[in-house]
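Summary of structural features
Spelled out from the first residue to the last, the chains are:
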Amino acid sequence: MESRRRSRRDIVVDVLLTVFAVVYGLISFSGYALDLHPPDRVPTWVLWLDLACLPPACAALWWRRSHPLAVAVGIVLVATFSVAVVGALFVSLISLAVYRPFPQAATLALLTIVLSLPWLLLVQPSGLDALVTGVVIVLMIGVCVAWGAAIRSRRRLVERLREDVRRERELRGERLAVARVEERRRIAREMHDVVAHRMSLLSVHAGALAYRTERAEAGQAEPLKAAEVGAAVRVIRDNAHRVLDELSDILTVLRSGDLTGEETEEAGPQPRLADVPRLVAEAVAAGEKVSYTSDLPEGAAPREQVQRTAYRVVQEGLTNTRKHAPGAKAAVTVSGAPGRGLVVEVSNVLPVGKADQEIPGAGAGLTGLAERVELDGGRLRHGPARGRFGLTAVLPWPEEQASGAAGDDRRKVS
């Protein structure tokens, strides 16, 4: 049975082929019927029986798609004595080659040629005429089978191409889904870094303000002056505004319809190595003891993604220092060159005893940072050594990446 409903195009093709079979059959009947059925040898009713075979043969073509072999075999058998079904015979052979494997079509074509031999001997008494007619019949049947086989090959090719396109679309959709998930993870890490850093600054200032107020209330210190309170409040306000601005930039990318990992026009500029001194200056302004040393060649910088990762390493290191070693002196060092890699190190003196963790955290900062560094092709080390806790990231910096925004040569901020 047919695997799909007959379309409008199929109906038009069937009608045209039926018209061709009828017209070609009538032409063949008018030209060869008397030769095949001479009145002096066969009864007249055989002549009309030949013509009567034309309508059922043409009607059988309606099922040439669902039952091509049965239709072709039936028409071939009828064609052994009916010249009116020659047009339907050609259509059935083409359809058989289209909808069935080539060996079936070739076998039936050979059977058709064998069954036409008696007709050749009867109609063509001359050996040369019989040979010419036989060659013509073989060529016409061969053309029908070859034509149908070509149509079948083309359809199979088109089906394979469509399947490849469908599969490629599915793979592209899967790749886009994976890219969106990875981008959302990256954005989640960005949000963790931004929130943890800014909130730690806010906590330090708010904690200092609360501590001074408690001591003043207990009579152990002088009350805070209005200028001191105003300065602390301004720092808290500025950092709150900054964290809101940075979160707004990140959420702009998160809400975009296509997360591709690239910066969008709506999103603000991403942090780079040139922003590390500002980051250190903010920590110093918050009361943290930080020294900064940069030893980068002038006029050279790694790619922007590596710069952003280096910035996040410094940010995470300073945040952890405020959380786990408040009051300890920290040192930030950035060094490297094209071909040697970029090395970012943040270290601080280990506190005596176990410092109280006044600033809560999820404990996933270093894990996410290590994943970020590995994605950029680098490695991350962290842990205590010789009385200091160190956080070191080694990032790739190939030779060809020798241009970009450069860091200041041996700058120091303290």
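Below: a short report on this structure. In this text, all values refer to a predicted model and were calculated from it rather than measured experimentally. Numbers given to residues run from 1 along each chain, matching the order in which its sequence is written. The predicted nature of this model means local features are confined to residues of pLDDT at least 70 and side-chain atom pairs, given and counted, to a pLDDT of 80 or more, with totals for whole chains, interfaces and linings taken over all residues. In computing side-chain values, all of the structure's heavy atoms are included and hydrogens and water are not.

1. Comments concerning the pairing of strand β3 (residues 341–349)
Pairing between strands is defined by DSSP: at least two bridges between them are needed. Runs of E in the DSSP output that reach at least two residues are strands. Runs of H or I that reach at least four are helices, and both are numbered from the N terminus. Summarising the sheet, strand β2 (residues 330–337) and β3 pair through 8 bridges and their orientation is antiparallel. Within the sheet, the bridge partner assigned to valine 334 lies in β3 and is valine 344. Following β2, the chain reverses through 3 residues before pairing antiparallel with β3; glycine 339 in that reversal takes a positive phi of roughly 90°. As judged from the 8 bridges shared by β3 and strand β5 (residues 388–395), these two strands associate in the antiparallel manner. Bridge assignment links valine 346 to a residue of β5, and that residue is leucine 391.

2. So, the pattern of salt bridges
The term salt bridge refers to a pairing of a side-chain nitrogen on Lys or Arg with a carboxyl oxygen on Asp or Glu at a separation within 4 Å. For the coordinates displayed, the defined rule picks out 13 salt bridges. Arginine 278 is paired through a salt bridge with glutamate 282; the nearest N and O atoms lie 3.0 Å apart. Here arginine 278 and its partner glutamate 282 are both found in helix α10 (residues 276–285), 4 residues apart, which amounts to about one turn of the helix. Partly exposed describes any residue whose relative accessible area lies between the buried limit of under 20% and the exposed limit of over 50%, with all areas from a 1.4 Å probe on protein chains only and scaled to the type maximum. Judged by relative accessible area, which is 10%, glutamate 282 ranks as buried. Glutamate 288 is the salt-bridge partner of arginine 322, the closest N and O atoms lying 2.7 Å from each other. Within this pair, whereas arginine 322 is found in helix α11 (residues 304–324), its partner glutamate 288 is found in the loop between α10 and β1 (290–295), the two being separated by 34 residues in sequence. Of the two residues, arginine 322 and glutamate 288, neither departs from the other in class, the shared state being buried. When salt bridges with common partners are traced through the structure, they connect Arg9, Asp10, Asp14, Arg64 and Arg65 into a single cluster.

3. Describing the environment of threonine 333
Along the polypeptide, threonine 333 turns up in strand β2. Distance from threonine 333 to serine 294, taken between C-alpha atoms, is 5.8 Å for residues 39 residues apart in sequence. In this description, contact between two residues means that some pair of their heavy atoms is separated by no more than 4.5 Å. If we skip the residues at most four places from it in the chain, threonine 333 touches Thr293, Val343, Val344 and Glu345.

4. Quick word on the nonpolar core
Nonpolar cores are built from buried Ala, Val, Leu, Ile, Met, Phe, Trp, Tyr and Cys residues. Side-chain atoms within 4.5 Å join them into one set. In this structure, Leu61, Ile75, Ala88, Leu93 and Leu108 are the most contacted members of the largest nonpolar core, which totals 33 residues. Put simply, the parts of the chain that give this core at least two residues each are α1 (8–36), α3 (54–60), α4 (68–78), α5 (86–99), α6 (102–115) and α8 (127–217).

5. Topic: a nonpolar patch on the surface
Here a patch means residues that are over 30% exposed by relative accessible area and free of salt bridges, tied together within 9 Å if like-charged and within 5 Å if nonpolar (Val, Leu, Ile, Met, Phe, Trp, Tyr). Per-residue and other accessible areas follow the Shrake-Rupley method at a 1.4 Å probe size, with only the shown protein chains counted as cover for residues. On the surface, Ile11, Val15, Val19, Val23, Ile27, Trp62 and Trp63 cluster together to form a nonpolar patch covering roughly 670 Å² of accessible area. Among the structural elements, valine 15 can be located in helix α1. The class of valine 15 is partly exposed, set by a relative accessible area of 46%.

All we've got here are geometric facts, nothing functional implied.
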